Amino acid sequence: MSRFEIYSPEGLRVDGRRWNEIRRFECRINSHPTSSDGSSYVEQGNTKVLCLVQGPMEPALRSQSSTAQGSLIVNVSVTPFATVERNKRPRNDRRIQELSATLTRTFNKAIVLKNYPRSLIQVNLQVLALDGGLLAACTNATTLALMDAGISMYDYISSVTAGIFDGQTPLLDLNTIEENELGFLTVGVIGESEKLALLLMEDRVGMDSLEKVLAIAIAGSHRIRELMDIQVRNYGKHKVAKLANQ
Amino acid sequence: MVLSTTERYYLLECLSGSKVIRADARRVDQFRPVEATCSFLPNSNGSSRVRLPDGSECIASVKAKVVKVESSEVTDLLNVEVDINGQRDDAEAVVSFSSILKESLAQCIPESLLKLTEKYAFELSIDAIVISYPSGISSFYSILTLVSMAVYLALKSTSLPLLTSTTEDAEVEEEPTFSDDWDLAKLLFPKDRLLAPPLLFVLAMVGPNLLLDPSVEELEVAENGLFVGFASNKAGAPIRSISLNSTNNKGLSTNHILDAVSTVDSVGGSVLKALNSIVENSTSEF
């Protein structure tokens, strides 16, 4: 049994949210204009992720170049100070490798790769602070950074986690404490549709509650897409105004 | 970065004459503008982010942990790890940066600063991560200044919780307890004391001249390099020659070394002042 009351009878969670509320979501686009082609910074609650995109560029190795379509490489590194207890992960950590494989698979389908033959797009993700929703924050950061790099994509991929409490109440956007206690899944939704580009479920979630969890996860993703869209449009306006002044 | 013969010759002429003209119109002892912030990681006791205009960026974090002391060596209580994005953990630059920083820190941090009680002490884990660096960089040593600034700022902004239990626990079995009010936390390096973490300055040698904070192009024509430490308001150890590129290498003369020390002596104070003002003006979000 947990030390924490995950969901109180009054309907409040450990951090005071209701069941259908996401955490504070803040994002910035083009945070590193000089050092990369596209960059973004995402804060989802206390999870902080920095994403730098290089490319499309000429690949260093012949094997990475394909005449049919561009290739995508995603590197994720979780800094040793990301968690409360310092924890240095080896470079070939299985979970991290799996995470980058999942992200590569998702974005291979989201980017119009046929526009970039013989080119390489490299995505570097740095996790600065970790408090649940790692895959979700990485997905959102990658979407924003790819947009900033001007890489053509079919639509936004917005992502959030959702879990189930007591087999009845679905909870949206879990933090570490809740992730450790509950069965949860991560979804990545394509734009404003209800189609999923990404679904990762590693714990047990009852079949009967799956529909509820998915519904709230998709609704949460739509909200995150809105928030990202506001940021992207603001940045676009700002850039156009700058160009007009010149 | 690959320079053409003409570009290289032009730069060399400009930089090695009696009147140095740098490509970005800086004085020989002038830094590029540095952008920095402190205390932005809630999970760390101290953190910093430093950015240079060429896109190099370093994030540093300091985490403290209470440990039982077995020996009285400061080196056992310091844990410095540098990570350069895209480089292996056993790459030469990564390993040497960690050991250079650890050694220079161990000389500047007295054991009393970390000691908590007779039996317990704080163990500091200092992590510096170089997120990006200019793509045509010829030697990683040129980002040593950046890394040392990030570590300096992270340590300067480190605050530790206030101890509420007794400090004399040699006889009693008692584990240290802390006040849970973060407003009472005290800084690891108090403002009123002269004590400060060390800084390392990289200088490039071109002809008879020494250039502080060399840019990517200047590194390419540098004939040799040096780094000089700056601690307790004067330049000093560690001083070491470093090669800043693989093409040209000429010997350093005594004058170069003395010059380097006096340059660092004269600018070090103002760099410290600028960095300290960043620490003082940053408001912790937590």
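Remember, predicted model here, so these are calculated numbers, not experimental data. (Residues numbered from 1 in each chain as written. Chains lettered and ligands numbered in written order. Predicted model: local features only at pLDDT ≥ 70, side-chain atom pairs only at ≥ 80, totals over all residues. Heavy atoms only, no water.)

Undergrad: I tried to follow helix H2 (residues 92–108) of chain B on my own but got confused; where do I start?
TA: An α-helix turns once per 3.6 residues; consequently, residues spaced three or four apart project the same way. All names here are of chain B. With 17 residues, H2 should cover 24 Å at 1.5 Å per step; its first-to-last C-alpha distance of 25 Å lies within 8% of that length. All buried positions along H2 are accounted for by Ala93, Val94, Ser96, Phe97, Ser98, Ile100, Leu101, Ser104, Leu105, Ala106 and Cys108. Among the structural elements, strand E4 (78–84), strand E5 (120–132), helix H4 (144–156), strand E8 (199–206), strand E10 (224–231) and strand E11 (234–242) are those in contact with the buried residues of H2. (Helix = DSSP H or I, 4+ residues; strand = E, 2+ residues; numbered from the N terminus. Expected span 1.5 Å × (residues − 1). Buried < 20%, exposed > 50% of the residue type's maximum accessible area, 1.4 Å probe, protein only. Contact = heavy atoms within 4.5 Å.)

Undergrad: Whenever I open this one, the interface of chain A and chain B confuses me. Can you help?
TA: By a widespread convention, an interface's size corresponds to the accessible area lost as its parts come together. Taken together, the contacts link 24 residues of chain A with 25 residues of chain B. Taken together, both faces of the contact between chain A and chain B bury some 2100 Å²; the carbon and sulfur share is 50%. Contact with chain B buries area across many residues of chain A, yet Phe81(A), Arg86(A) and Arg91(A) alone supply 33% of it, more than any other trio. On inspection of chain A and its partner chain B, the count reaches 3 salt bridges. Connecting chain A to chain B are 9 residue pairs in polar contact (both at pLDDT 80 or more). Listing elements by their share of the side of chain A that touches chain B, those giving two or more residues are strand E3 (47–57) and strand E5 (120–129) of chain A. The class makeup of the residues in the side of chain A that touches chain B is 10 nonpolar, 9 polar and 5 charged. (Buried area = accessible area lost by both parts, 1.4 Å probe. Salt bridge = Lys/Arg side-chain N within 4 Å of Asp/Glu carboxyl O. Polar contact = N/O pair within 3.5 Å; in protein donor to acceptor, adjacent residues only side chain to side chain. Nonpolar A, V, L, I, M, F, W, Y, C, P; charged D, E, K, R; others polar.)

Undergrad: I tried to follow the packing of helix H1 (residues 94–110) of chain A against helix H2 (residues 134–148) of chain A on my own but got confused; where do I start?
TA: For any two helices packed against each other, the geometry comes down to the angle between their axes and how far apart the axes lie. Residues and elements named next belong to chain A. Where H1 meets H2, the closest approach of the two axes is 11 Å, and the angle between their N-to-C directions is 45°. One element, H1, and the other, H2, form an angle in the oblique class. Seen from above, H1 lies across H2 with right-handed handedness. Contacts between H1 and H2 involve Leu99, Thr102, Leu103 and Phe107 from the former and Leu134, Leu135, Cys138, Thr139, Thr142, Thr143 and Leu146 from the latter. Among the residues making up the contact of H1 with H2, the classes are represented as 7 nonpolar, 4 polar and no charged. (Axes fitted to C-alpha atoms, helices over the stretch in contact; angles between N-to-C directions. Parallel < 35°, antiparallel > 145°, perpendicular 65-115°, else oblique. Left-handed = near helix turned anticlockwise from the far one by under 90°.)

Undergrad: I would appreciate a short explanation of the side chain of Asp213(B) in the present structure.
TA: Along the chain, the position of Asp213(B) falls in the loop between strand E9 (209–212) and helix H5 (216–221). With sequence-adjacent residues up to four places away left out, Asp213(B) is seen in contact with Arg22(B), Arg26(B), Gln30(B), Phe31(B), Arg32(B), Val202(B) and Glu218(B).

Undergrad: Got a minute to help me understand the UniProt feature "domain: Exoribonuclease phosphorolytic" (unreviewed entry) in chain A in this structure?
TA: UniProt feature "domain: Exoribonuclease phosphorolytic" (unreviewed entry): in the numbering of this structure it lies at residues 21–151 and 155–219 of chain A. The distance from the first to the last C-alpha atom of residues 21–151 of chain A is 31 Å, and the span holds 24% helix and 31% strand. (UniProt positions renumbered as here; feature names shortened; annotations may be inferred.)

Undergrad: Can you walk me through the pattern of salt bridges in this structure?
TA: Between side chains of opposite charge, a pair can form as their charged atoms come close. Tallying each qualifying case throughout the model produces 28 salt bridges over all chains. Across the pair Asp229(A) and Arg233(A) runs a salt bridge whose closest N-O atoms are separated by 2.9 Å. Of this pair, Asp229(A) and Arg233(A) both sit in helix H4 (residues 207–245), 4 residues apart, which is roughly one turn of that helix. Within this structure, Arg22(B), Asp24(B), Arg26(B), Arg32(B), Asp54(B), Asp213(B) and Glu218(B) form a network of salt bridges that share partners.

Undergrad: Would you take a moment to explain the sheet that holds strand E4 (residues 71–78) of chain A for this structure?
TA: Pairing between the strands of a sheet is mediated by backbone hydrogen bonds and can be parallel or antiparallel. Residue and element names in this part refer to chain A. Pairing within the open sheet is mixed, and its 5 strands lie in the order E1-E2-E3-E5-E4. Unpaired on one side and paired on the other, strand E1 (25–29) and E4 mark the two borders of the sheet. The sheet shows a mean angle of 15° between the axes of neighbouring strands, direction not considered. Against the sheet, H1 contacts E4 and E5, and its axis sits at roughly 145° relative to E4. Along the sheet, H4 makes contact with E1 and strand E2 (38–44), crossing E1 at roughly 35°. (Pairing = 2+ DSSP bridges.)

Undergrad: Can you walk me through the packing of aromatic side chains in this structure?
TA: Remark: the centre distance and the inter-plane angle together describe each pair of aromatic rings, the angle taken between the planes. This model, assessed by the stated rule, comprises 6 aromatic pairs over all chains. In this structure an aromatic cluster arises from ring pairing among Phe31(B), Phe201(B) and Phe230(B). (Phe/Tyr/Trp six-rings, centres within 6.5 Å; stacked < 30°, edge-to-face > 60°.)

Undergrad: What is the right way to read the pairing of strand E7 (residues 169–172) of chain A from this model?
TA: Consecutive residues of a regular strand have side chains that alternate between opposite faces of the sheet. Residue and element names in this part refer to chain A. Residues Thr169 and Leu171 line one face of E7 and the alternating positions Pro170 and Leu172 line the opposite face, and both faces are buried. Relative to E7, strand E6 (residues 157–165) runs antiparallel, the two sharing 4 bridges. Its bridge partner being in E7, Ile164 is matched across the sheet by Pro170. Here E6 hands over to E7 after 3 residues, with Asp166 in that stretch at a positive phi of 60°.

Undergrad: Even after reading the chapter, I still don't get helix H6 (residues 254–281) of chain B, so can you show me in this structure?
TA: Residues and elements named next belong to chain B. Here H6 is 28 residues long and its end C-alpha atoms lie 41 Å apart, about the 40 Å a rise of 1.5 Å per residue gives. Roughly 35° is the biggest bend found in H6, and it falls at Val267. Those residues of H6 that fall on the buried side of the exposure criterion are His256, Ala260, Thr263, Val264, Val267, Gly268, Val271, Leu272, Leu275 and Val279. In this structure, the buried residues of H6 make contact with strand E1 (35–38), H4, E8, E9, E10 and E11. (Bend = angle between axes of the 7 residues up to and from the residue.)

Undergrad: Just to check I follow, could you spell out the sheet that holds E7(A) for this structure?
TA: Residues and elements named next belong to chain A. Overall, antiparallel pairing links the 4 strands, which are arranged E7-E6-E8-E9 in an open sheet. One side of each edge strand has no neighbouring strand; the edge strands of this open sheet are E7 and strand E9 (196–201). On average, adjacent strands in this sheet sit at an angle of 25° to one another, irrespective of strand direction. As defined by bridge partners, E6 adjoins strand E8 (residues 183–190) across 8 bridges and the pair is classed as antiparallel.

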